[in-house]
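# A structural walkthrough
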Amino acid sequence: MATKKLLLLAGDGIGPEAMAEVKKLIAAMNEKGAGFAIDEGLVGGCAYDAHGQAISEEDMTKALAADAVLFGAVGGPKWDSVPYEVRPEAGLLRLRKDMELFANLRPAICYPALAASSSLKQEVVEGLDILIVRELTGGVYFGEPKQIIDLGNGQKRGIDTQVYDTFEIERISGVAFELARTRKNHVTSMEKRNVMKSGVLWNEVVTATHKAKYADVKLDHMLADAGGMQLVRWPKQFDVIVTDNLFGDMLSDVAAMLTGSLGMLPSASLGAPDAKTGKRKALYEPVHGSAPDIAGKGIANPIAMIASFAMCLRYSFSMVAEADRLEAAIAAVLDDGLRTKDIMSEGKTEVGTTAMGDAIIAKFLA
Ligand code: IPM
Ligand code: MG
């Protein structure tokens, strides 16, 4: 079996603790012949401390050569005042940009065992299974000009540029339609065409792509603000949501919280299939951040990181059976009543990061 090259970038805060659980899982799979080759690097604040960059050239090169990158989390108060260009988040943005990871898949699944811990009523979230497809390498996070200029009259002007070209909208909507076909065959596209030119184009291109290649999929359009409202009103009306970088950032946090805890949700960031090999560059990361307030205490929830590895098995290595089994192991451990602090509720058993990881791995191997 060909080796599967993984680069682990655990990052800051709870990143390394969560990643340690995935490392144990990979070691256990390798003992059974899975053939993962692991390399590790630094990203975020720890990379800044080591070499004054949010990610080194050497680690960027490794990321570009890997079959998949597993990413933990970056940032923390320690680096609040480092220069903007080398702030921890810059490492993540560079990985996304240089690896051309334009498609960010953020599933929001409400595990039955956790339906009661959502801030919404149980009937609103029970059985929830939506997928947000966020454009990740364009839009206002990357558009130029991006600067603060001095107007010379005691005023400054901050500028970010929202910009999308046809091909960017075509390829992200294509990913959304393809994924919808494997699910409930329904895509909702969100933009602000009532006030933004990029929204008008977004709407046009999604509509045209649908008509040309995906007419079998049900397509709805929604203004992004109304979409945010509908997400908290009745989220089960959605299957796949496709939206731009900025709206996707916000809407995916909203969707994440519907499920009870940010600590539960994985994500995949994918590039275009290689013309020769068909392989996509890919990075997998939990949606939660570095949570510096609980870092180092052994109480972080490793589920989002482990579920991100399940997505890696599914999308980078076509190990669908193993991915299904790992996701089932997570659900089973929750059914058994095991909870980390962030999802703890009355009558359940509170465990730390390591015990949660061990329990999931044991179920997975059983
Ligand atoms: C996310 C995060 C990042 C983003 C930050 C850390 C740059 O919020 O992945 O959603 O804004 O994309
Ligand atoms: Mg975000």
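Reading the values: the criteria
- Residues numbered from 1 in each chain as written.
- Chains lettered and ligands numbered in written order.
- Predicted model: local features only at pLDDT ≥ 70, side-chain atom pairs only at ≥ 80, totals over all residues.
- Heavy atoms only, no water.
- UniProt positions renumbered as here; feature names shortened; annotations may be inferred.
- Pairing = 2+ DSSP bridges.
- Helix = DSSP H or I, 4+ residues; strand = E, 2+ residues; numbered from the N terminus.
- Axes fitted to C-alpha atoms, helices over the stretch in contact; angles between N-to-C directions.
- Salt bridge = Lys/Arg side-chain N within 4 Å of Asp/Glu carboxyl O.
- Buried < 20%, exposed > 50% of the residue type's maximum accessible area, 1.4 Å probe, protein only.
- Core = buried A, V, L, I, M, F, W, Y, C linked by side-chain atoms within 4.5 Å.
- Domains from an automatic or database assignment.
- Contact = heavy atoms within 4.5 Å.
- Near = heavy atom within 4 Å.
- Polar contact = N/O pair within 3.5 Å; in protein donor to acceptor, adjacent residues only side chain to side chain.
- Areas by Shrake-Rupley, 256 points an atom, 1.4 Å probe, with all protein chains shown as cover.
- Nonpolar A, V, L, I, M, F, W, Y, C, P; charged D, E, K, R; others polar.

The name an unreviewed UniProt entry assigns to the protein chain is 3-isopropylmalate dehydrogenase, from the organism Mesorhizobium retamae. Word for word, the UniProt comment on the protein chain under Subunit (unreviewed entry) is "Homodimer."

### Observations concerning the sheet that holds strand β9 (residues 218–223)
The pairing of strands in a sheet comes from backbone hydrogen bonds and takes either a parallel or an antiparallel form. Spatial strand order, β2-β1-β3-β12-β11-β4-β5-β10-β8-β9: 10 strands in an open sheet with mixed pairing. Strand pairing shows two members of the sheet lacking a second neighbour, β2 (36–41) and β9, which therefore form its edges. Along the sheet, successive strands turn relative to each other by an average axial angle of 20 degrees, direction set aside. Examined bridge by bridge, strand β1 (residues 4–11) and β2 share 6 bridges and lie parallel to one another. Residue pairing across strands places K5 opposite A37, the latter belonging to β2.

### So, the pattern of salt bridges
The final tally for this structure, using the stated rule, is 22 salt bridges. The partner of E285 in a salt bridge is R96, with the nearest N and O atoms 3.3 Å apart. Of this pair, E285 sits in the loop between β12 (280–284) and α10 (303–316) while R96 sits in helix α4 (residues 88–98), placing them 189 residues apart in sequence. Of the two residues examined, E285 and R96, each falls in the buried class.

### Regarding the UniProt feature "domain: Isopropylmalate dehydrogenase-like" (unreviewed entry) in the protein chain
As annotated by UniProt and renumbered to match this structure, "domain: Isopropylmalate dehydrogenase-like" (unreviewed entry) occupies residues 5–360. Helix makes up 40% of residues 5–360 and strand makes up 22%, while its end C-alpha atoms are separated by 23 Å.

### Remarks on the nonpolar core
Formed by 89 residues in total, the largest nonpolar core has its most connected members in F36, L70 and F309. Counting residues per element, this core draws most heavily on α10, at 9 residues. Each of two domains, domain 1 (1–102 + 271–366) and domain 2 (106–260), supplies a minimum of three residues to this core. Not counting chain neighbours up to four residues away, the residues in contact with F36 comprise K4, L6, I26, M29, N30, F309, L313, F317 and M319. Core analysis: the second largest hydrophobic core is formed by 15 residues, V43, I55, A66 and L92 among them.

### Some points on the UniProt feature "binding site: Mg(2+)" (unreviewed entry) in the protein chain
Per the UniProt record, the feature "binding site: Mg(2+)" (unreviewed entry) sits at D225, D249 and D253. Over a stretch of 29 residues, the named residues converge on one spot in the fold, their C-alpha atoms separated by at most 14.0 Å. Here D249 is to be found in helix α9 (residues 245–258). Once residues lying within four places of it in the same chain are set aside, the contact partners of D249 are R106, R134 and Y141.

### Overview of the site of ligand 1
In the vicinity of ligand 1, the contacting residues are E89, R96, R106, R134, Y141 and D249. At 2.7 Å, a side-chain N or O of R134 approaches an oxygen atom of ligand 1. About the coverage of ligand 1: the protein hides 73% of its 320 Å² of free accessible area. Grouping the constituent residues of the shell around ligand 1 by class yields 1 nonpolar, no polar and 5 charged.

### Some details on the environment of G44
Here G44 is to be found in the loop between β2 and α2 (45–51). Given a relative accessible area of 0%, G44 falls into the buried group. Separated by 34 residues in the primary sequence, G44 and A10 have C-alpha atoms spaced 9.2 Å apart. Not counting residues up to four positions away in its chain, the partners in contact with G44 are D12, Q53, A54, V74 and P88.

### Concerning the pairing of β12
Pairing of strand β3 (residues 68–73) with β12, which is carried by 2 bridges, proceeds in the parallel orientation. Across the sheet, L70 pairs through a bridge with Y284, a residue of β12. Of the pairings in the sheet, the one linking strand β11 (residues 268–273) to β12 comprises 4 bridges and is antiparallel in character. Of the residues in β12, the one forming a bridge with S269 is L283. Counting the residues that bridge the hairpin from β11 to β12 gives 6 residues, and of these G278 lies at a positive phi of roughly 80 degrees.

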